[in-house]
Amino acid sequence: MLTGTAYTAMVPVRDVARAKDFYENTLGLKGAGDTMDGGYAFTTADGHQLALLPDPDGRPTGRTMLSFEVPDLGAEVNALEGAGVAFEDYDTPGLKTENHIAAMEGESAAWFSDTEGNILCLHTVTS
């Protein structure tokens, strides 16, 4: 049915211009242009898109909204830290980070927030 179709992931944002700057200039996503609803879209791998959805009353969910799979998590964390991204650190039962990275069964991950408070993740599959 939908296997193999392109998709657009939508992230709600209060300030489209501020979020666009972050996703484009800090994270390095390639801009695709304005959307009909006043948002902005980015092109991702394999013809997919990430769209910033205007939501003036939007509140972050407190959960991961989006996760980017990267080949070298440590290098990506270092690069984004150098660009001013602040990564979260956790020390809770079941989740502990070292140098911002949590090692879990089958993957490693690191979390940070965008300018709108949405939690984003970088992850690498380890098995």
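Now for a quick tour of the structure. (Residues numbered from 1 in each chain as written. Predicted model: local features only at pLDDT ≥ 70, side-chain atom pairs only at ≥ 80, totals over all residues. Heavy atoms only, no water.)

1. A few points about helix α2 (residues 73–82)
Buried residues of α2: Leu 73, Val 77 and Leu 80, and no others. Down the axis of α2, the sector holding all buried residues measures 70 degrees, keeping them to one side. Turned more than 90 degrees from where α2 packs its buried face, Asn 78 and Gly 82 sit exposed. One side-chain oxygen of the residue at the start of α2 lies 3.4 Å from the amide nitrogen of Gly 74, identifying that residue as Asp 72. (Buried < 20%, exposed > 50% of the residue type's maximum accessible area, 1.4 Å probe, protein only. Helix = DSSP H or I, 4+ residues; strand = E, 2+ residues; numbered from the N terminus. Arc of directions from axis to C-beta. Polar contact = N/O pair within 3.5 Å; in protein donor to acceptor, adjacent residues only side chain to side chain.)

2. Brief notes about the pattern of salt bridges
Counting across every chain of the model gives three salt bridges. Close ionic contact of Lys 20 with Glu 24 constitutes a salt bridge, the shortest N to O distance being 3.3 Å. Here Lys 20 pairs with Glu 24, and both are found in helix α1 (residues 16–26), just four residues apart, close to one helical turn. (Salt bridge = Lys/Arg side-chain N within 4 Å of Asp/Glu carboxyl O.)

3. Topic: the sheet that holds strand β4 (residues 49–54)
Ordered by their spatial adjacency, four strands build an open sheet running β1-β4-β3-β2, and the pairing between neighbours is mixed. The sheet is open, and its two edges are formed by β1 (8–13) and β2 (30–34), each paired on a single side. Strand after strand, the sheet turns through a mean of 25 degrees between neighbouring axes, direction not considered. Relative to strand β3 (residues 40–43), β2 runs antiparallel, the two sharing four bridges. Residue pairing across strands places Asp 34 opposite Tyr 40, the latter belonging to β3. (Pairing = 2+ DSSP bridges. Axes fitted to C-alpha atoms, helices over the stretch in contact; angles between N-to-C directions.)

4. Focus: the environment of Met 36
Secondary-structure assignment places Met 36 in the loop between β2 and β3. Classification of Met 36 by relative accessible area gives exposed; the value is 92%. Put simply, Met 36 and Leu 2 are 34 residues apart on the chain and 24 Å apart in space, counted from C-alpha to C-alpha.

5. What to know about the pairing of strand β7 (residues 95–98)
Note: strand β6 (residues 91–92) against β7, two bridges, orientation antiparallel. Residue pairing in the sheet places Asp 91 in a bridge with Lys 96 of β7. The hairpin turn running from β6 into β7, its antiparallel successor, is two residues long, and Gly 94 in that turn takes a positive phi close to 90 degrees. Pairing of β7 with strand β8 (residues 101–104) involves two bridges; the strand directions are antiparallel. Looking at β8, one finds that Thr 97 is bridged to Ala 102. Linking β7 to β8, which pair antiparallel, is a turn of two residues; within it Asn 99 sits at a positive phi near 55 degrees.

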